[in-house]
Amino acid sequence: MDRRVLFDALLVVVGGLLAYTETFGFADPRATLRQILAILATLDVRVYLVLSGLFGIVFVGYLVVYLPQKDARTIRPR
């Protein structure tokens, strides 16, 4: 594993832990997880449709824009 990838993963974990403790404090994690799942269960189906549509747009943009540029940079002339 590259050192940069390891560092980035560590930053994501620390940021997630800080965001969790800032939002929920040091409460019981199981009760907090139940609260989060209850909130997600009460969302309307349109919210999930919009979020999945946005994810699809970003994913197709990644496939169409980023990957061809990455392949073009890694191809070496023979």
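Everything that follows concerns the structure shown earlier in this document.
Source: prediction; values computed, not measured.

So, how was this worked out
Residues numbered from 1 in each chain as written. Predicted model: local features only at pLDDT ≥ 70, side-chain atom pairs only at ≥ 80, totals over all residues. Heavy atoms only, no water. Phe/Tyr/Trp six-rings, centres within 6.5 Å; stacked < 30°, edge-to-face > 60°. Helix = DSSP H or I, 4+ residues; strand = E, 2+ residues; numbered from the N terminus. Salt bridge = Lys/Arg side-chain N within 4 Å of Asp/Glu carboxyl O. Buried < 20%, exposed > 50% of the residue type's maximum accessible area, 1.4 Å probe, protein only.

### Let's talk about the packing of aromatic side chains
Stage number 1. Within this structure, the stated rule accounts for two aromatic pairs.
Stage number 2. A centroid spacing of 6.3 Å and a plane angle of 15° characterise the contact between F55 and F59, whose relative ring orientation is stacked. A residue pair is termed a helical-turn pair when its members lie 3 or 4 positions apart in one helix, as F55 and F59 do in helix α3 (residues 45-74) at four residues.
Stage number 3. Geometrically, the ring pair formed by Y62 and Y66 is stacked, given 5.5 Å between the ring centres and 20° between the ring planes.

### Observations regarding the pattern of salt bridges
Stage number 1. Within this structure, the stated rule accounts for two salt bridges.
Stage number 2. Linking D8 and R4 is a salt bridge whose minimum nitrogen-to-oxygen distance equals 3.4 Å. Note that D8 and R4 are positioned in helix α1 (residues 3-24) at a spacing of four residues, about one turn of the helix.
Stage number 3. Measuring nitrogen to oxygen at the nearest pair gives 2.5 Å for the salt bridge that ties D44 to R46.
Stage number 4. Accessibility expressed as a relative area gives 34% for D44, which makes it partly exposed.

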